[in-house]
Amino acid sequence: MKNSIIFFLSVVIPLVIITFVLRDSYKENTNLEELKTQYAALHISSVDHSQHKELQKEFKNAHEITETCISCHNKRGEELLSSPHFTWEREAYIEGRGITYIGKRNLLNNFCTGIFSNEPSCNRCHAGYGWADKDFDFTNQYNVDCLACHDNSGLYDKARGGSGYPTPGIDLKTIVQSVGKPKKENCGYCHFHGGGGNNVKHGDLELALLTAPRTVDVHMGVDGANLTCVDCHTAENHVMKGRYYGLSSENTNRATCEQCHTNTPHTVYKLNEHVAKIACQTCHIPRYAKVNATKMRWDWSTATKKTEGMPYEMLDSLGNPVYSSEKGDQQWAVNAIPDYLWFNGTADHHLLSDKIDFDNLPLKINTLFGSSRDKNSRIVPVKIHTGKQPYDSEYHTILQAKLWGPHPGVGALWLDFNWELALKTGMDYVGLPYSGKWDFVESQMFLPVNHMVSPSSEALTCTDCHTRNNSRLQSIEGIYIPGKSYNATIDNLGKLLIIFSFIGALSHALFRYISYKKLKANN
Amino acid sequence: MLYSDISRTKNLRLIIKVHNMKRVFIYKKYERFWHWTQAFLVVFLAFTGFEVHGSFSFFGYESAVDLHNKAAWALIILTVFTIFWHFTTGEWRQYLPTTKNLKSQIEYYLTGIFRNAPHPVRKTILSKLNPLQRIVYFMLKVMLFPIMIITGLLYMFYRYQWQGEMKSLGIESIEPIALLHTVGAYLIIAFVVVHLYLITTGHTISSNLNAMITGWEELEDDEDDKKDIKENKKKE
């Protein structure tokens, strides 16, 4: 009895105590409470622009407004001249390509394919006035549009096909007097409408974010933190933090989750270990396009069809066009599950002058660099937008069509419905060689999904990835994912070993039983 | 009861010594505690481990990982205590491998056992393990368990959190670690299967099991052992 007590005290109790001590310590290391306090504070403007004498007048034109802004904010105009929102171009080093100067100004995509020859329409979303063609003056600070970002009245509007100028007749005086810190509406005016309509391009940026609850976007949810875009996409000298890899190439000046949440945001230790290989977005954005549909495929090759001599449009049950004579066949997705791939924050882009590699179709309009062996790479969720777009079947380059025109008869596809003419006009404008022979090529674009972060209760759980079949990361290679990955040879040999052990034991037992019976009979 | 009574068979090749049976306290309290705790932990680790491996679902993945880690810590602590126990009691000598009588032990399992021949190596307090057990248990202790514990710890700590920062042991991929851990798991399960069966090959079907439960086993008389040892020494 005494022995058992000593044994219990000296062995069992320490074992139990040590086991408990070594358990995961659930130390709260998140800063969520601090963040909530910090961002709950309302922004109070230090200036009431409506009282400025300079702004008490009717402005004759948009440039005059900018001039007035700069008369006080006298260095801001210069800042804008080198900001990507105005230049639509960045200097970037690209692996295998060197220093490049690329951006929305000269890159193509597989949505509306590119701005060349379409500037008056596309450049409605330029933070400037008057970019109608190649002659736009990027050095004139009075060409900057301050109001697109700083209007706080909600009245500002840029004209369709107006090269970035305001819609005639809007109340510029009220707008000018309202200016302040950009709101969601300011950013969304352009960024929600990429690709030519709400949520068409990005899938995670759309009008619903102005009113959606936190289940759609935990940050911007109106019943949640109700953050604005610029809370995360902070700016320094008018250069915003944040990258869209349909245009960007470098892993710098990105807006990241970590800038607020640190890289050890979980209370569960094991989850923090994931951060090295898994981007936050991978688990925390289980689905995108949660409210309105986003475009997943754009097949230009079927465009220009007419019925009874008239262009037409067909809508699906949700009201999304699945065919239009202007744009061809289109596919949409709502509540979409992202694709996943390795990404290190650097990207390459297919340029108009690049040859198409027909051994590697579909053509990658942008290439997200990254691999399992690269220390800077993490698995990120992406929207993959596929397309079929015109290319030069002799020179093997992508072609830029003229899509928009002020009126029929200038070669615009959307008005004249003539590919031959639209491509010729577009390429003449671009100034690159065009053989006159054209066809359509399959293309892909990779758009990292960064918004529409779900509340943590809706984040992915272990078995969304750690499972043999239907893992979210089924196509991800080069990493051992417990529960998903296995070595077939080891598993098969191991199972055989166990089976043979059983068979060995059972047959040995059987022999023993038989010989025992025999021995008994003999005796 | 005499061994010779039940061993009178026709093809008897082994020379049978006649010994008196005596109840002997062979497994001490700690030894039994260690054995059964380890047995439970090993089975539990195998079960939760193969759930983590993706072989089936029972506890749920997250719980399986958690339980597996906790059981692993319990086993590591038990192992530390047991190593201490082995050295303070000198019991570690029991596991020194020997080739002496190894052949006859294998022959016994392959043929002798079917003829109801006696065990070729007698079990005594000083030598609880037959040569085959010695080799297998020795390999378990110096190879398989260390491999499982080291790969397991690397699995846990190839990335770890320290003062709010994630640190890394600089291991590029856990694949070799995970695969080695899996190989070890299959070997241990195979061992458990064979071990469970060999329990029944004692003096009687249940005598080994009873001994590990109660500590007491009917063994050939110790007194005879001492005489044998003396005789052997004289011969040498």
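Residues numbered from 1 in each chain as written. Chains lettered and ligands numbered in written order. Predicted model: local features only at pLDDT ≥ 70, side-chain atom pairs only at ≥ 80, totals over all residues. Heavy atoms only, no water.

**Things to note about the overall build of chain A**
Right, so step 1: Helix and strand counts for chain A stand at 17 helices and 14 strands.
Right, so step 2: Taking 523 residues into account, the globule formula puts the C-alpha radius of gyration at 24 Å, and chain A, at 30 Å, lies well above it.
Right, so step 3: Each principal axis of the C-alpha distribution contributes one length, and for chain A these read about 120 × 60 × 45 Å.
Right, so step 4: Across the 523 residues of chain A, 46% fall into the buried class.
Right, so step 5: With an accessible surface of roughly 26,100 Å², chain A has 56% of that area assigned to carbon and sulfur atoms.
Right, so step 6: If you average the places of the 53 positive and of the 55 negative side-chain charges in chain A, the two averages end up 11 Å apart. (Helix = DSSP H or I, 4+ residues; strand = E, 2+ residues; numbered from the N terminus. Rg over C-alpha atoms; globule rule 2.2 N^0.38 Å. Buried < 20%, exposed > 50% of the residue type's maximum accessible area, 1.4 Å probe, protein only. Areas by Shrake-Rupley, 256 points an atom, 1.4 Å probe, with all protein chains shown as cover. Lys, Arg positive; Asp, Glu negative; His and termini not counted. Charge placed at Lys NZ, Arg CZ, Asp CG, Glu CD.)

**Focus: the overall build of chain B**
Right, so step 1: Along its length, chain B carries eight helices and four strands.
Right, so step 2: Out of the 236 residues belonging to chain B, those deemed buried represent 43%.
Right, so step 3: Partitioning the intrachain contacts of chain B with sequence separation of at least 6 by distance along the chain shows that 69% fall at a separation of at least 24.
Right, so step 4: Counting every atom, chain B has about 13,200 Å² of accessible surface; 66% of that belongs to carbon and sulfur. (Contact = heavy atoms within 4.5 Å.)

**What to know about helix α2 (residues 29-52) of chain B**
An α-helical segment advances 3.6 residues per turn. Residues three or four places apart therefore align on the same side.
Right, so step 1: The terminal C-alpha atoms of α2 of chain B, which comprises 24 residues, lie 34 Å apart, in line with the 34 Å expected from a rise of 1.5 Å per residue.
Right, so step 2: In the segment just after α2 of chain B, G54 of chain B is the residue with positive phi, at about 95°. (Expected span 1.5 Å × (residues − 1).)

**Examining unusual backbone geometry**
Residue and element names in this part refer to chain A.
Right, so step 1: The step from L361 to P362 runs through a cis peptide bond, and the omega angle for that step is -5°.
Right, so step 2: Inspection of the secondary structure assignment puts P362 in the loop between β10 (347-349) and β11 (363-364).
Right, so step 3: Even without glycine at this site, A289 takes up a positive phi of about 50°.
Right, so step 4: Phi at F417 is positive, roughly 50°, even though this residue is not glycine.

**Side note on the pattern of salt bridges**
Residues and elements named next belong to chain A.
Right, so step 1: Scanning all chains against the criterion turns up 19 salt bridges over all chains.
Right, so step 2: A salt bridge links E89 to R105, with the shortest nitrogen-to-oxygen separation between them at 3.8 Å. Taken together, the positions of E89 in the loop between α5 (84-87) and β1 (90-94) and R105 in the loop between β2 (98-102) and α6 (119-122) put the pair 16 residues apart, joining distant regions of the chain.
Right, so step 3: Here R105 falls in the partly exposed class, since its relative accessible area comes to 21%.
Right, so step 4: Note that R97 and D354 form a salt bridge whose closest N and O atoms lie 2.6 Å from each other. Taken as a pair, R97 in the loop between β1 and β2 and D354 in the loop between β10 and β11 lie far apart in primary sequence, 257 residues in all.
Right, so step 5: A relative accessible area of 29% places R97 in the partly exposed class.
Right, so step 6: Linked by salt bridges that have partners in common, R97, D348 and D354 make up one network. (Salt bridge = Lys/Arg side-chain N within 4 Å of Asp/Glu carboxyl O.)

**A word on the environment of E420 of chain A**
Residue and element names in this part refer to chain A.
Right, so step 1: Tracing the sequence through the fold places E420 in helix α15 (residues 419-430).
Right, so step 2: Distance from E420 to C462, taken between C-alpha atoms, is 53 Å for residues 42 residues apart in sequence.
Right, so step 3: With near-sequence residues (within four places) excluded, E420 lies in contact with G436 and W438.

**What about the interface of chain B and chain A?**
Right, so step 1: On the chain A side, the residues contacting the 49 residues of chain B number 51 residues.
Right, so step 2: Note on chain B versus chain A: buried area summed over both sides is about 4,400 Å², and carbon and sulfur give 66% of it.
Right, so step 3: Where chain B touches chain A, the interface holds one salt bridge.
Right, so step 4: For K375 of chain A, the salt bridge identified is with E172 of chain B, shortest N-O distance 3.0 Å.
Right, so step 5: For the interface between chain B and chain A, the tally reads 15 residue pairs in polar contact (both at pLDDT 80 or more). (Buried area = accessible area lost by both parts, 1.4 Å probe. Polar contact = N/O pair within 3.5 Å; in protein donor to acceptor, adjacent residues only side chain to side chain.)

**A short note on a nonpolar patch on the surface**
Right, so step 1: Taken together, the side chains of L493, L496, I499, F500 and I503 of chain A make up a nonpolar region of the molecular surface, amounting to roughly 500 Å² of accessible area.
Right, so step 2: Of the residues examined, I499 of chain A reaches a relative accessible area of 44% and is grouped as partly exposed. (Patch = residues over 30% accessible without salt bridge, like charges linked within 9 Å, V, L, I, M, F, W, Y side chains within 5 Å.)

**Focus: the domain arrangement of chain A**
Residues and elements named next belong to chain A.
Right, so step 1: Domain assignment breaks chain A into domain 1 (49-81 + 112-193), domain 2 (194-399 + 434-486) and domain 3 (488-523).
Right, so step 2: The partner domain 2 presents 26 residues to the 16 residues of domain 1 that form the contact.
Right, so step 3: For the domain 1 and domain 2 pair, buried surface summed over both sides reaches about 1,700 Å², with 65% attributable to carbon and sulfur atoms.
Right, so step 4: Broken down residue by residue, the surface that domain 1 buries against domain 2 is led by K184, F192 and H193, which jointly contribute 44%. (Domains from an automatic or database assignment.)

**A word on the state of the cysteines**
Residues and elements named next belong to chain A.
Right, so step 1: Counted according to the given criterion, the structure contains one disulfide over all chains.
Right, so step 2: With a sulfur-sulfur separation of 2.5 Å, C125 is cross-linked through a disulfide to C190. Measuring handedness by torsion sign, the sulfur bridge of C125 and C190 sits at about -105° and is left-handed. Separated by 65 residues along the polypeptide, C125 in the loop between α6 and α7 (147-150) and C190 in helix α9 (residues 184-191) bring together distant segments of the chain.
Right, so step 3: Classification of C190 as buried rests on a relative accessible area of 19%.
Right, so step 4: C257 forms no disulfide, and the closest cysteine sulfur to it belongs to C280, at a distance of 4.0 Å. (Disulfide = S-S within 2.5 Å.)

**Some remarks on the side chain of T48 of chain B**
All names here are of chain B.
Right, so step 1: Summarising the element assignment, T48 is placed in helix α2.
Right, so step 2: A relative accessible area of 0% places T48 in the buried class.
Right, so step 3: Not counting chain neighbours up to four residues away, the residues in contact with T48 comprise F59, A64, L67 and H68.

**Section: α15 of chain A**
Residue and element names in this part refer to chain A.
Right, so step 1: Helix length check: α15 (12 residues) gives 16 Å between terminal C-alpha atoms against 16 Å at 1.5 Å per residue, within 8%.
Right, so step 2: For α15, every residue scored as buried is listed here: W419, A422, L423, G426, M427 and V430. Taken down its axis, α15 places every buried residue within 115° of arc, on the same side.
Right, so step 3: Buried residues in α15 make contact with β13 (378-392), α14 (413-416) and β14 (438-448). (Arc of directions from axis to C-beta.)

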